[in-house]
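Understanding the architecture of this molecule
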Amino acid sequence: MCIGVPGKVVDVYSDGLGIAMGKVSFSGIVKEVCLAYTPEAEQGQYVVVHAGFAISLVDEEEAMEVFKMLQQMDELAELEIPQPR
């Protein structure tokens, strides 16, 4: 199943090619995410992430509601997979 998962932007930076990137926390699990589709994203805001790309901004209330539903559906196991450094 392909889903977008909300997370909180904890850091924003550019990679070596000038692409907007960020560290996004998914309830304490932090992943590197491409912010090219959401260049307006700032630290402290919430984004919906699909396949390593932030695809939209959402407010905190909506993010928490969606995250809670995904937890209830047991759809968050993928977040536990380690990322290459």
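Here, the structure is the one placed above.
Below, the structure is looked at part by part. (Residues numbered from 1 in each chain as written. Predicted model: local features only at pLDDT ≥ 70, side-chain atom pairs only at ≥ 80, totals over all residues. Heavy atoms only, no water.)

**Section: helix α1 (residues 60-72)**
Heads up, the rule is: Only DSSP runs of H or I with at least four residues qualify as helices, and only runs of E with at least two residues qualify as strands; both kinds are numbered from the N terminus onward. For a helix, the expected span equals 1.5 Å multiplied by the residue count minus one. Each residue is placed in one exposure class: buried if its accessible area under a 1.4 Å probe, protein chains only, is under 20% of its type's maximum, exposed if it is over 50%, and partly exposed if it falls in between. To obtain the arc, one takes the directions from the helix axis to the C-beta atoms. Whether two residues are in contact is decided by their heavy atoms: any pair within 4.5 Å suffices. Distance and chemistry together define a polar contact, namely a pair of N or O atoms within 3.5 Å, with one atom able to donate a hydrogen and the other to accept it when in protein, and with adjacent residues in sequence counting only for side-chain atoms on both sides.
The end-to-end C-alpha distance of α1, which contains 13 residues, comes to 18 Å, matching closely the 18 Å that a straight helix rising 1.5 Å per residue would cover. Looking at α1, one finds that the buried residues are A63, F67 and L70. Buried positions in α1, seen along its axis, are confined to an arc of 60° and lie on one side of it. In this structure, α1 carries E61, E65, K68 and Q72 as exposed residues pointing more than 90 degrees from its buried face. Lining the buried residues of α1 we find β1 (5-14), β2 (20-26), β4 (46-50) and β5 (53-58). Sitting at the amino-terminal end of α1 is D59, which places a side-chain oxygen 3.3 Å from the backbone nitrogen of E61. One or two steps after α1, the chain reaches D74, where phi turns positive at roughly 55°.

**Remarks on the side chain of S25**
With respect to the helices and strands, S25 occurs in strand β2. By relative accessible area, which is 17% here, S25 ends up buried. A polar atom in the side chain of S25 sits 3.1 Å from the backbone nitrogen of G28. Look past the residues within four positions of S25 in its chain and what remains in contact with it is G7, K8, V10 and V30.

**Focus on the packing of aromatic side chains**
This is how the line gets drawn: Stacked, tilted and edge-to-face pairs are distinguished by plane angle, under 30 degrees for stacked and over 60 for edge-to-face with tilted covering the rest, among Phe, Tyr and Trp rings (Trp via its six-membered ring) whose centres lie within 6.5 Å.
If you walk through the whole model with that rule in mind, you get one aromatic pair. Geometrically, the ring pair formed by Y37 and F53 is tilted, given 5.5 Å between the ring centres and 35° between the ring planes. Here Y37, found in the loop between β3 (29-34) and β4, pairs with F53, found in strand β5; they are 16 residues apart in sequence, far enough to count as distant.

**Topic: a negative patch on the surface**
Basically, it comes down to this: Grouping into patches uses exposed residues only, defined as over 30% relative accessible area, and leaves out salt-bridged ones; the cut-off is 9 Å for like charges and 5 Å for nonpolar side chains (Val, Leu, Ile, Met, Phe, Trp, Tyr). Each accessible area value is a Shrake-Rupley result obtained with a 1.4 Å probe; residue values ignore everything except the protein chains displayed when judging cover. The working definition used for a salt bridge is a side-chain nitrogen of Lys or Arg within 4 Å of a carboxyl oxygen of Asp or Glu. His is not counted here, nor are the chain ends, while Lys and Arg score as positive and Asp and Glu score as negative. Lysine's charge is taken at NZ, arginine's at CZ, aspartate's at CG and glutamate's at CD.
On the surface, a cluster of negative charge is contributed by D59, E60, E61, E62 and E65. Here E62 shows up in helix α1.

**What about the nonpolar core?**
In plain terms, the rule: Buried residues of nine kinds, namely Ala, Val, Leu, Ile, Met, Phe, Trp, Tyr and Cys, make up a nonpolar core once their side-chain atoms join them within 4.5 Å.
If you look at the biggest cluster of nonpolar residues, it comprises twelve residues: V5, V9, V24, F26, V33, L35, A41, V47, V49, A54, F67 and L70. The set of elements that each furnish at least two residues to this core consists of β1, β2, β4 and α1. In contact with A54, not counting residues within four places along its chain, are V33, C34, L35, Y37, T38, V47, V48 and V49.

By themselves these figures say nothing about function.
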